[in-house]
Amino acid sequence: MDRRQRKTREAIFNAFINLLSKKDFEHITVGEIIKMADVGRATFYSHFETKDFLLKEMCEELFCHIFDAMDEKREHNHIFECNPPDSVFLHLFQHLQKNDNNILELLSCKNNELFLRYFKTNLVHLVENQLSVFESEKSKNLPVSYWVNHITSTFVETLRWWVDNGKKETPQTMVEYFYAVL
């Protein structure tokens, strides 16, 4: 993707995030998005088939950065710039603390359930690949799928609590809380 295409995509993402912070996803129109992003209808549709695809692509762009950082074979360059720490969970909290790409607006907007659903789907795959980190906490009687769901749900709710309470704790503290309740 060339620089012009990246800038157009970013403008569409930013317009969409802004609209999501003000109204329900179902009530947002492509017309509103293109007007706010200052792009043409054909330009929008050359990047995204529908606003549903826009939401999916935006979430993938946000999440793949975090999740790809843990895979040393992949290049670490998406819409975020950073040096990722060893812990993917700390990495995520750090981005949220900096509010990179207005990600907090997505977590605190009326539509946060949509955003968290996409997030949890991606997080499940990450947790499955990181199960060794949690192995010492797992009871031998638990099915792996239940354990993955528990870890994922706990992380999502920890994240939600942190955002709802004004992000007063440091990312490091939140990761400690997360590990303590597993």
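Residues numbered from 1 in each chain as written. Predicted model: local features only at pLDDT ≥ 70, side-chain atom pairs only at ≥ 80, totals over all residues. Heavy atoms only, no water.

A word on the pattern of salt bridges
Enumeration according to the criterion identifies four salt bridges in this entry. Taking the shortest distance from any N to any O, the salt bridge between Glu57 and Arg9 comes out at 2.9 Å. You can see Glu57 sitting in helix H4 (residues 51–68) and its partner Arg9 sitting in helix H1 (residues 3–20), a full 48 residues away along the chain. Using a relative accessible area of 28% as the deciding quantity, one classes Glu57 as partly exposed. A salt bridge links Lys23 to Glu32; the nearest nitrogen and oxygen atoms lie 2.5 Å apart. (Salt bridge = Lys/Arg side-chain N within 4 Å of Asp/Glu carboxyl O. Helix = DSSP H or I, 4+ residues; strand = E, 2+ residues; numbered from the N terminus. Buried < 20%, exposed > 50% of the residue type's maximum accessible area, 1.4 Å probe, protein only.)

Description of the packing of aromatic side chains
The geometry of two aromatic rings is summed up by the distance between their centres and the angle between their planes. Taken as a whole and assessed by the stated rule, the structure comprises 15 aromatic pairs. Considering the side-chain rings of Phe13 and Phe48, the 5.8 Å spacing of their centres and the 45° angle between planes classify their relative orientation as tilted. Of this pair, Phe13 sits in helix H1 while Phe48 sits in the loop between helix H3 (41–47) and H4; the two residues are 35 residues apart in sequence, bridging distant segments of the chain. Accessibility classification places Phe13 together with Phe48 in one group, the buried group. Seen in terms of ring centroids, Phe89 and Phe178 are 4.9 Å apart; in terms of plane orientation they differ by 50°. Their pairing is tilted. Here the residue Phe89 occupies a position in helix H5 (residues 88–98), and Phe178 occupies one in helix H10 (residues 171–180), the gap between them amounting to 89 residues. Residues Phe89 and Phe178 agree in their burial class; the two are buried. The structure contains a cluster of three or more aromatic residues connected by ring pairs, namely Phe89, Phe93, Phe134, Phe155, Trp162, Phe178 and Tyr179. (Phe/Tyr/Trp six-rings, centres within 6.5 Å; stacked < 30°, edge-to-face > 60°.)

Observations regarding the nonpolar core
Residues Phe89, Leu123, Val127, Phe134, Ile151, Phe155 and Leu159 are the most contacted members of the largest nonpolar core, which totals 25 residues. For this core, the secondary structure elements donating two or more residues are H5, helix H7 (112–129), helix H8 (131–134), helix H9 (144–164) and H10. A total of eight residues in this core trace back to one element, the largest contributor, which is H9. With near-sequence residues (within four places) excluded, Phe89 lies in contact with Leu123, Val127, Phe134, Phe155, Val175, Phe178 and Tyr179. One finds Leu19, Ile33, Val39 and Cys59 within the second-largest nonpolar core, a separate group that totals 23 residues. (Core = buried A, V, L, I, M, F, W, Y, C linked by side-chain atoms within 4.5 Å. Contact = heavy atoms within 4.5 Å.)

Things to note about the packing of H9 against H10
At a minimum axis separation of 10 Å, H9 and H10 run at an interaxial angle of 140°. Classed by the angle they form, the pair H9 and H10 counts as oblique. In the crossing of H9 with H10, the sense of the turn from one axis to the other is right-handed. Of H10, the residues touching H9 (which contributes Ile151, Thr154, Phe155, Thr158, Trp161 and Trp162) are Met174, Tyr177 and Phe178. Of the residues in the contact of H9 with H10, the class split is seven nonpolar, two polar and no charged. (Axes fitted to C-alpha atoms, helices over the stretch in contact; angles between N-to-C directions. Parallel < 35°, antiparallel > 145°, perpendicular 65-115°, else oblique. Left-handed = near helix turned anticlockwise from the far one by under 90°. Nonpolar A, V, L, I, M, F, W, Y, C, P; charged D, E, K, R; others polar.)

Shape descriptors only; they carry no functional weight alone.
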